Amino acid sequence: MIITVAQSAGFCFGVKRAIKIALETIQNAGSVEMLGDIVHNEQVVQEIEAAGIRNVQFLAAGENKTLLIRSHGAPESVYREAQQLGYRIVDATCPMVKEIHTIVRDRFSQGYRIIIIGDKQHDEVQGILGQIACDALVIEHAETVSLEAIQAIERAAVVVQSTQALANVLAILAVLEQHIPEVVFSNTICRATRERQAEMESLPLENDVVLVIGSKTSANTKRLYELAHAVNKNSHLIQTRDDILPEWFTDASKVAVTAGASTPDQTIRGVIEALRSLSGC
Ligand code: SF4
């Protein structure tokens, strides 16, 4: 069996950076807290917790404590509250996400209604929403666009959650441009996501089986799987080597492996080892 590993598989720049900042911070600070998981991957979360960083739901008295802002970023209100409570803040927000925050704040101050294409409940989208004082419109799919809501808008600035699929974004944009007189679009899908998705255009066509490794809670992993599955029905989303089923490979001679932006190299290596032993090499 020929195994092809996508060049972009595994940690993206922003996740690597956030984990490095987290581990450096715990070495130099006594008590470090985060609001939620550092990234959407169970193995990484365990590693970070084992290092001593606490995942909390609410901020409390912050004296002698550090708040680590995760790679997804956070609303402005979190920074304000943390400062008021006395926390020291260490910001591991991915620079690509920071860029989206800047665009949103600038366009909002220029009088544009902000529209975010993304998953409403995702931490990154919540962080983007929290950059401005006014409610932004969040759109997930072209089919769910409320014409009533968008027809009332004269000038819109559209940004995109960094891990969205381009096809979905373009479909939504087409609807917006049809109904809003002025639309300024910033394609803020990050480079790491674009590279991953570009590989998913060819790998599912060239291979008999596609394995996408990552957590089921990871938006970018799920999106990679959807892209692969749309082209090749023998595509599977797995969290670790333990999820592999031998029957997927009956008559398969070529297998492609990719992984979400928060999947550790160790997990990818485990899957490759399992595939090698399945194919007897
Ligand atoms: S997926 Fe993109 S935006 Fe998100 S952390 Fe990675 S590099 Fe940054």
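Throughout, residues of each chain are indexed from 1 in the direction in which the sequence is written. Under the rules for a predicted model, residues below a pLDDT of 70 receive no local features and side-chain atom pairs below 80 are neither given nor counted, while totals for whole chains, interfaces and linings still include all residues. Excluding hydrogens and water, the side-chain figures rest on all heavy atoms present in the structure.

Draft legend 1. Expanded view of the overall build of the protein chain. Numbered from the N terminus, helices here are DSSP runs of H or I no shorter than four residues, and strands are runs of E no shorter than two. When you go through the protein chain residue by residue, the secondary structure sums to 10 helices and 12 strands. Throughout, the radius of gyration refers to the C-alpha atoms, and the reference size of a globule is 2.2 Å times the residue count to the power 0.38. Compactness check: the protein chain gives a C-alpha radius of gyration of 21 Å against a globular reference of 19 Å for 281 residues, within 12% of the reference. Note on contacts: a residue pair is in contact if any heavy atoms of the two residues lie within 4.5 Å. Pairs at least 24 apart in sequence give 72% of the contacts found in the protein chain among residues at least 6 apart. Charge-centre separation for the protein chain: the mean point of 25 positive side chains lies 4 Å from the mean point of 34 negative side chains. Charged-residue counts in this description rest on Lys and Arg as positive and Asp and Glu as negative, His and the chain ends being excluded. We put the charge of a Lys on NZ, of an Arg on CZ, of an Asp on CG and of a Glu on CD.

Draft legend 2. Structural detail: the environment of A82. Tracing the backbone shows A82 in helix α3 (residues 76-85). Between the C-alpha atom of A82 and that of V97, which follows or precedes it by 15 residues, the distance is 20 Å. Among all residues touching A82, those that are not within four sequence positions of it are L59, L67, Y87 and I89.

Draft legend 3. Highlighting helix α8 (residues 191-206). Expected helix span is given by 1.5 Å per residue-to-residue step, counting one fewer step than there are residues. In this model, α8 (16 residues) spans 23 Å end to end at C-alpha, consistent with the 22 Å of a helix rising 1.5 Å per residue. Bend at a residue means the angle formed by two fitted axes: the first through the 7 residues ending at that position, the second through the 7 residues beginning there. The axis of α8 is deflected most strongly, by about 30°, at M200, and proline P204 appears within four residues downstream. A 1.4 Å probe rolled over the protein chains alone gives each residue an accessible area, and that area as a share of the maximum for its type sets the label: buried under 20%, exposed over 50%, partly exposed in between. The set of residues buried in α8 consists of T193, R196, Q197, E199, M200, L203 and P204. On its buried face, α8 is in contact with β1 (2-5), α7 (166-179), β10 (209-213), α9 (219-231) and β12 (254-259).

Draft legend 4. Just the sheet that holds strand β4 (residues 65-69), in detail. For two strands to be treated as a pair, DSSP must find at least two bridges joining them. Spatially, four strands are ordered β3-β2-β4-β5 in an open sheet, and the strand pairing comes out parallel. The strands lining the two open edges of the sheet, one partner per strand, are β3 (54-56) and β5 (88-91). Going from strand to strand, the sheet's axes swing by 35° on average, the running direction of each strand aside. Both strand β2 (residues 31-35) and β4 contribute to a ladder of four bridges, which runs parallel. Counted as the bridge partner of V32 is T66 from β4. With axes taken as lines fitted to C-alpha atoms, and helix axes fitted only over the stretch in contact, angles between N-to-C directions fall between 0 and 180 degrees.

Draft legend 5. Region of the structure containing the site of the ligand. By convention in these notes, a residue is near a molecule or strand provided one of its non-hydrogen atoms lies within 4 Å of it. As a structural note, the neighbourhood of the ligand is formed by C12, G14, C94, M96, V97, S162, T163 and C190. In the scheme used here, Gly and all other residues not listed as nonpolar or charged are polar, with Ala, Val, Leu, Ile, Met, Phe, Trp, Tyr, Cys and Pro taken as nonpolar and Asp, Glu, Lys and Arg as charged. Looking at the shell around the ligand, its residues break down into five nonpolar, three polar and no charged.

Draft legend 6. Representation of the nonpolar core within the structure. Counting residues in each nonpolar core, the largest one holds 26 residues, and the members touching the most others are L211, I244, F249 and L275. Within the residue set of this core, elements represented by two or more residues are α8, β10, α9, β11 (235-238), β12 and α10 (265-279). Take the buried Ala, Val, Leu, Ile, Met, Phe, Trp, Tyr and Cys residues and link them wherever side-chain atoms come within 4.5 Å; each set so joined is a nonpolar core.

Draft legend 7. Examining the packing of aromatic side chains more closely. In this scheme Phe, Tyr and Trp rings, the latter by its six-membered ring, pair at centre separations within 6.5 Å, and the angle between planes marks the pair as stacked below 30 degrees, edge-to-face above 60, and tilted otherwise. Considering all chains together, one arrives at one aromatic pair under this definition. Positioned above the aromatic ring of Y112, the side-chain terminus of R107 is 5.4 Å from the ring centre. Lysine and arginine charges are scored as sitting over a ring when NZ or CZ, respectively, is within 6 Å of the ring centre and within 35 degrees of the ring normal. For R155, the ring lying beneath its charged end belongs to Y112, and the centroid distance is 4.0 Å.

Draft legend 8. Broad picture of the pairing of strand β8 (residues 155-160). Burial runs high along β8: five of the six residues are buried. When strand β6 (residues 113-117) meets β8, the two strands line up parallel, connected through five bridges. Among the inter-strand pairings, I114 is bridged to a residue of β8, identified as A157. Looking down the strands as they point away from you, a crossover is right-handed if its path from the first strand over the helix to the second goes clockwise. With α7 bridging β8 and its parallel neighbour strand β9 (residues 182-185), the resulting β-α-β unit is right-handed.

Draft legend 9. Quick peek at the pattern of salt bridges. Put simply, a salt bridge is a Lys or Arg side-chain nitrogen that is within 4 Å of an Asp or Glu carboxyl oxygen. For the structure shown, the criterion picks out 10 salt bridges. As a salt-bridge pair, E182 and R155 come within 3.2 Å of each other at their nearest N and O atoms. Here E182, found in strand β9, pairs with R155, found in strand β8; they are 27 residues apart in sequence, far enough to count as distant. When its relative accessible area of 31% is taken as the criterion, R155 is described as partly exposed. When salt bridges that share partners are traced, they join E33, R54 and K65 into one network.

Draft legend 10. Region of the structure containing the packing of helix α1 (residues 13-28) against helix α2 (residues 42-50). Packing of α1 against α2 leaves a shortest axis separation of 10 Å and a crossing angle of 15°. With respect to α2, the axis of α1 lies roughly parallel. The interaxial crossing formed by α1 with α2 has left-handed handedness. Along the contact surface, α1 presents I19, A22 and L23, while α2 presents V44, E47 and I48. The residue makeup of the contact of α1 with α2, split by class, is five nonpolar, no polar and one charged. Every angle not falling under 35 degrees, over 145, or within 65 to 115 is termed oblique; those three ranges are roughly parallel, roughly antiparallel and roughly perpendicular. For a crossing to be left-handed, the near helix must be turned anticlockwise from the far one by less than a right angle; the clockwise case is right-handed.

From the geometry alone we can't say anything about function, so treat these as descriptive.
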